[in-house]
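The chain contents come next:
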Amino acid sequence: MASSVSSPSRDYPALDLVRAFAAFSIVVLHVVAMSQWESFPHSGPLAWFRVGFLSVDLFFVLSGFVITLTALREQAIGGNARGRFLLRRVARLAPAYFVSSLAWLALNDFAVLKQPDAWVQALTHLSFTYNFLPSTFSAINGATWTIGIEMQLYVLVALLMPLLGRWRAARLGVCVLLLALLYRLGSQYLQSGLMGLAPADSQLWFFSVQVPGMLDVFGVGAALALAVHRAELRPRSPAVWLLSLFLLLAWSASLVSALLADGEFYWHSYFWVSGFRTLVAGTVLGWLWLALVVPAAWVARLGAWLRYPGVISYGVFLWHVPVAQWLLAHTSLRQWPLLWACIGVTGAVAAISWHVMEKPIQAWARRRGKRLRDDVGERVRGA
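Quick summary incoming for the structure in this document.

What counts, and where the lines are drawn
Residues numbered from 1 in each chain as written. Predicted model: local features only at pLDDT ≥ 70, side-chain atom pairs only at ≥ 80, totals over all residues. Heavy atoms only, no water. Patch = residues over 30% accessible without salt bridge, like charges linked within 9 Å, V, L, I, M, F, W, Y side chains within 5 Å. Areas by Shrake-Rupley, 256 points an atom, 1.4 Å probe, with all protein chains shown as cover. Salt bridge = Lys/Arg side-chain N within 4 Å of Asp/Glu carboxyl O. Lys, Arg positive; Asp, Glu negative; His and termini not counted. Charge placed at Lys NZ, Arg CZ, Asp CG, Glu CD. Helix = DSSP H or I, 4+ residues; strand = E, 2+ residues; numbered from the N terminus. Axes fitted to C-alpha atoms, helices over the stretch in contact; angles between N-to-C directions. Parallel < 35°, antiparallel > 145°, perpendicular 65-115°, else oblique. Left-handed = near helix turned anticlockwise from the far one by under 90°. Contact = heavy atoms within 4.5 Å. Nonpolar A, V, L, I, M, F, W, Y, C, P; charged D, E, K, R; others polar. Buried < 20%, exposed > 50% of the residue type's maximum accessible area, 1.4 Å probe, protein only.

On the surface, K359, R366, R367, R368 and R371 cluster together to form a positively charged patch. Along the chain, R366 falls in helix 15 (residues 335-382).

This is how it looks when you write it as structure tokens:
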């Protein structure tokens, strides 16, 4: 029996680079939007940040991989695997989420909690069910709408833990792609075709990003975790890896270009609302695969300083909106000075959050999980 569950980040350090890129892409996206930075480039490499919301899909595929691999390893250890898994997941997400939400509320004079539906807001945000209602979906620190969906996906993984190891990676990947696509198509047809909602109605987006609509981006990461669990992935040679990188860059650039060119028609088309997300799921799967099969010699050169932004990326994601709001309200900084200040301050706050709160709480959860394993082992040996 293994004595501990290793971290996928330690096994695959290149994942931290992907996390950092995704987190800071979202920071740039929101700074541009919140400051109404109209002159920010619409073409060239920087145009990626105008569609940086695609990094949310990248985060979900990363989460699907890491969470499923962790669940598989916990299940292999035995005992109260589900309890250990959920303990670590709640310890990872909840404390920093609650603290950053309180900071956002304080920055906004607790206005959300002064409304008639304050008890609904408090209850749904405390239980991570705020994504179920349009009125609570993005009511507190709007960028964190994904956290509730993440938590619900973790519960789904916990429920399925005994079955995970029996599935084939390719079969799971195809199934989740089809399930999410059919859900989005059905939701879109019901609302646009039968209910007659206007194409730009926010309900189309609201329903499209509920758990069934995010199964593909989370599930393809889970499928890749199954492939790793079965030792079906190996590092690639530098030549093969670089060729794969070039092809994936070209494909990703074509998707971004198409979205920038036709984005105004996004909510008017079944392809964009439903099918394009399927293409994105496949693309972010490719990027994750690329991070996992980096040539071994290159991985050895990834120093801790290079990986650090990825280590604190969760804090970056949680804190960047409150930081940007504060800078907009209390300074005259705009455009590039505002962006660099937001990145610097957010990075500093995220680092403090990691060292003072997130890392110690995770260490406690690991110790608590180990005690649960040891207690089970003692009972088994004594039986």
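Back to the write-up after that little detour.
We now examine the packing of helix 3 (residues 54-77) against helix 6 (residues 145-164). At a minimum axis distance of 10 Å, the contact between helix 3 and helix 6 shows a crossing angle of 30 degrees. One way to sum up the angle between helix 3 and helix 6 is to call them roughly parallel. As helix 3 runs across helix 6, the sense of the crossing is right-handed. Of helix 6, the residues touching helix 3 (which contributes V56, F59, F60, S63, I67, T68, A71, L72, E74 and Q75) are W145, T146, I149, E150, L153, Y154, V157, M161, P162 and L164. Taken together, the residues of the contact of helix 3 with helix 6 break down into 14 nonpolar, four polar and two charged.

Looking now at the pattern of salt bridges. Using the criterion set out here, one finds eight salt bridges in the structure. For D16, the salt bridge goes to R19, with nearest N and O atoms at 2.9 Å. Of the two residues, D16 and R19 both sit in helix 2 (residues 14-34), three residues apart, roughly one turn of that helix. In this structure, the salt-bridge partner of R88 is E74, at a minimum N-O distance of 3.6 Å. In this pair, R88 sits in helix 4 (residues 81-107) while E74 sits in helix 3, placing the two residues 14 residues apart along the sequence. E74 matches R88 in its accessibility class, with the two residues each being buried. Put simply, D16, R19 and R307 are held in one network by salt bridges that share partners.

Attention now goes to the environment of L185. Relative to the assigned elements, L185 resides in helix 7 (residues 169-194). Once residues within four sequence positions are removed from consideration, L185 is found in contact with Y270 and S274.

This paragraph deals with unusual backbone geometry. If you check the backbone angles, Q36 has positive phi at about 50 degrees while not being a glycine. Within the fold, Q36 resides in the loop between helix 2 and helix 3. Residue Q36 is classed as exposed on the basis of its relative accessible area, which comes to 64%. You will see that F110, though not glycine, has its phi angle at about 50 degrees, which is positive. Mapping F110 onto the fold places it in the loop between helix 4 and helix 5 (118-126).

Honestly, it's all geometry; don't read function into it.
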